[in-house]
Amino acid sequence: MISSSKLLSRIILLLCSFAFSTSFAQSITNLKTEYLINPIGLDNPNPRFTWQMVDTRKGAKQTAYRIMVSTDSVALLQGKANQWNTGWLQTSASLKIYTGQSLKPFSKYFWRVDVINQAKATLTKIASFEMGMMNGNNWQGSWIADNENPKLKPAPYFRKTFEATKKIKSARAYIAAGGLYELSLNGEKVGNHRMDPMYTRYDRRTLYVTYDVTHQLKEGKNAIGVLLGNGWYNHQSTAVWDFDKAPWRNRPTFCLDLKITYTDGTTQTITSGKDWKTALSPIIFNSIYTAEHYDARLELKDWNTINFDDTNWKRVINRSAPSGNLVAQALHPIRNVEEITAKSIRKFNDTTYLFDLGRNISGVSKIKLNGPAGTVVRLKHTERLYANGRADLSNIDVHYRPTDDKDPFQTDILILSGKGEESFMPHFNYKGFQYVEVSLSKPIELKKEDLVGYFMHSDVPVAGSIKASDPLIDKIYYATNNSYLSNLFGYPTDCPQREKNGWTGDAAIAIETGLYGFDGITIYEKWLADHRDEQQPNGVLPSIIPTDGWGYEWGNGPDWTSTIAIIPWNIYRFYGDTKILKDNYENIRKYINHIDETYPTGLTSWGLGDWVPVKSVSPVELTSTCYYYADVVILAKTAKILGKGDDFKKYTALALKIKNAFNAKYLNKSTGIYNTGLQTELSVPLFWGIVPDEMKAKVAENLAKRVEADGFHLDVGLLGTKAILNALSENGYSDVAYKVAAQKTFPSWGWWIANGATTLYENWPIDAKSDISMNHIMFGEIGAWLYKAPGGIKPDENQPGFKNVILQPYFVEGLNSFEATHDGPYGQLISSWKRTANGIKYQVTIPANSSATVKLASIRGKRTYLDGKVIQGETFNLQAGTYVIELK
């Protein structure tokens, strides 16, 4: 008899052989459920399925598809589905929401997608997904903690042994926590995630994570270990954000169910409860905000194995759950994504060394060393150095308000056990740094290889690339991505060192940069759920999300908390998925209605304004009203998409009211100047579309003149930076925009690079007295602009998710070649051009099942050739395929 697994493997091989048997590469790839590959532990009873068709032929298109879902993989490959069969659907769509029989908790399902292409060939592929708890009532474990005061500093261990009485077929661990945890089985850490679960408003929504632990269990006796950290749940460090006063604050707690399925079909569930035992760990202090302290002399060897004697450990206590809303963490996890070796080491004396990683990162360092017992090792992590070469924290500890000297900022403390070579890496902390100054209480000889850094962030797949003939542009893009990833930890943050806060304004500015470069939908869907948790009944949102309550009274307003509208809208544009619009529609509406009720004239002065400007300051009312207008336009469009006709009319009228009021006050129609004509005052109205159509050319001309008068340098803050390059390039001044983007002198992105930046900064002057974090994403729109302008890749909101892509590259003076790629829902888009002796050679690749509208500005005296043939007009449409377009 052939086993079912072997039979499945043979069938898959046959299908794969079929898919590639033709003269062209044809297959289906990237089958995802809820935007994850073969996920486990889902809660959504109607998960979304997506896939891509790979077919390199021109005009390649899916003409029909069928999805089948079954609990039986072998039957599924034979065309039998016991859960759902859509039947053949005559459509080219590649996103489908499950509407079959009710999915059951803890059950694994296989899904198959069959695609017919335009050549009538059928392609098939299968994938799987597995449901999690789905309902809080399905938990069997109890919430447990040690019986200690939240102010107690050492982190707690928890352990339990149990017997697996039969041969194990599969096993899943489901664990939720208030705080952070590391789970282990039989002495080995489970999984490679860091900082689980992701941060939420703990008293309103708690996340749980599912792990496949089949291969870490064994028949017979097993041991479970849990180490708990404070995270944002029990914030012991004191800073201006008052997280130590959070209403949910308590000693960390967790709930666990370990479900084992035996080969005979029976199941067993091991749960957290009063039969567990607890003790304090060698982590004598941990703060997600500052650092971690570890006393290796207190190590309990093999504490999480079956033979450990826990006689002297204490009993646990039951605790109430942090919230009654327990939800699956279905998103790309935080990981140690990249190991970075030290670039150099400098020895100051026998007890002081400085390691330089050569680049600024978010994450942790790991040190290995050998020294006498009781030796205290202090690892100070900084972004810059004093003139004497020592570590300088002064630019990033400005918001820290320590009550004593026991919790130094970004300084891990290790006390050696003296038992040979030891290594240390924090469990429940991350930092923003380039340098690590190691101070020792006793002399120890260290080498460059003794310390490495780990770049930590949400491990989102890379979705884009940029390659320019000017190395400066590549370096700016590299720095932009470093800052974007450094600020992605299950929610977008402003900086990885002094705050780690989910500042809404920073995230709104960076959303397109993030989506062009990375597949981040899972992170943003989670963060918008955080928005819904934090929104007040009157619609008001705080300026940082999640929050303990800080930010409702300062820093919010349309220019910042427009994330409630801007993020969902951009997800829709990039993915073509309406779920995020549906999920947040009422929240957007409540937010808009609050502004409308509070500012009935259509003009609003609520907001922070053009934050950290170079020198010129624009009125808050001008910028905030533009964002208010943008939000209302998004709401009106969303209402139309979702079939809410009355709302579409209502908010279209409101948008017109705002537009008229704004232009009546700020636009001089005779001169085409807004207010006093600053860069921000001209570019923000242009970018957000509030300028009357008949005035756009004049306003754009004035903007270009203003930029030229400013020496082709920036004179904007946060909001102006989002707008200025786009406002210029979209209105006929792409060469001016590029001059600004490629500047090498102050103030500019290039000025930072010229001064050694590997990330983006918080302020234009490097020697500013405040706002001088060296790893901020808030000026990161340039990353998206590179895709949109010289790259020319833009989503078409009428056919979103790059079903149709707008290809409109600007062949800017100063570049000899440029290439942008983006992996969208249908596959990889490539937009690549270079100058030739005769003009421009432009190569494009449009993935199967999508199309493109190409818009090329004519060049005087040049004709346009498509694959060698002359074509007429500056705008034309292309089907899927690879094309060569020449202007010569």
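Residues numbered from 1 in each chain as written. Predicted model: local features only at pLDDT ≥ 70, side-chain atom pairs only at ≥ 80, totals over all residues. Heavy atoms only, no water.

(A) Quick look at the overall build of the protein chain. Across its full length, the protein chain holds 16 helices and 43 strands. Relative to a compact globule of 888 residues, whose C-alpha radius of gyration would be 29 Å, the protein chain shows 28 Å and is just as compact. For the protein chain, the spread of C-alpha atoms along the three principal axes comes to 85 × 75 × 55 Å. Counting the 888 residues in the protein chain, one finds 62% classified as buried. The contacts in the protein chain between residues at least 6 apart in sequence include a share of 74% that link residues at least 24 apart. (Helix = DSSP H or I, 4+ residues; strand = E, 2+ residues; numbered from the N terminus. Rg over C-alpha atoms; globule rule 2.2 N^0.38 Å. Buried < 20%, exposed > 50% of the residue type's maximum accessible area, 1.4 Å probe, protein only. Contact = heavy atoms within 4.5 Å.)

(B) How the structure looks around the sheet that holds strand β2 (residues 48–55). Across the sheet, three strands lie side by side as β1-β2-β5; this open sheet has antiparallel pairing. Of all the strands in the sheet, just β1 (26–33) and β5 (95–97) have a single pairing partner and so form its edges. Averaged over all pairs of adjacent strands, the angle between strand axes in this sheet comes to 20°, irrespective of strand direction. As paired strands, β1 and β2 are joined by six bridges and run antiparallel to one another. Along β2, the bridge assignment pairs I28 with M53. (Pairing = 2+ DSSP bridges. Axes fitted to C-alpha atoms, helices over the stretch in contact; angles between N-to-C directions.)

(C) Quick look at the sheet that holds strand β9 (residues 156–164). The strand order across the open sheet built from six strands is β12-β11-β14-β9-β17-β20, with neighbouring strands paired in antiparallel fashion. Two strands in the sheet have a free side with no partner beyond their single neighbour: β12 (188–189) and β20 (314–315). As defined by bridge partners, strand β11 (residues 180–185) adjoins strand β14 (residues 220–229) across six bridges and the pair is classed as antiparallel. Its bridge partner lying in β14, L180 is registered against G229.

(D) Broad picture of the packing of aromatic side chains. Going through the model one piece at a time under the given rule, you end up with 54 aromatic pairs. Ring pairs connect the aromatic residues Y199, Y202, W232, Y233, F243, W248 and Y491, which therefore count as one cluster. Across the ring face of Y430, the terminal group of K500 is positioned such that the distance to the ring centre comes to 4.8 Å. The ring centre of Y865 lies 5.0 Å from the NZ or CZ of K888, which sits over that ring. (Phe/Tyr/Trp six-rings, centres within 6.5 Å; stacked < 30°, edge-to-face > 60°. Lys NZ or Arg CZ within 6 Å of the ring centre and 35° of its normal.)

(E) Representation of the side chain of S272 in the model. Inspection of the secondary structure puts S272 in the loop between β16 (267–271) and β17 (277–280). Of the polar contacts made by the side chain of S272, one reaches the backbone oxygen of S142; its length is 2.6 Å. A distance of 2.9 Å separates a polar atom in the side chain of S272 from the backbone nitrogen of L256. In this structure, S272 is in contact with G141, S142, I144, F254, C255 and L256, ignoring residues within four places of it in sequence. (Polar contact = N/O pair within 3.5 Å; in protein donor to acceptor, adjacent residues only side chain to side chain.)

(F) Main features of the pattern of salt bridges. Applying the stated criterion to the full structure yields 50 salt bridges. Across the pair D295 and R297 runs a salt bridge whose closest N-O atoms are separated by 2.9 Å. R297 gets classed as partly exposed once you look at its relative accessible area, which sits at 47%. Residues joined by salt bridges that share partners form a network here, namely E512, R573, K722, E781 and K788. (Salt bridge = Lys/Arg side-chain N within 4 Å of Asp/Glu carboxyl O.)

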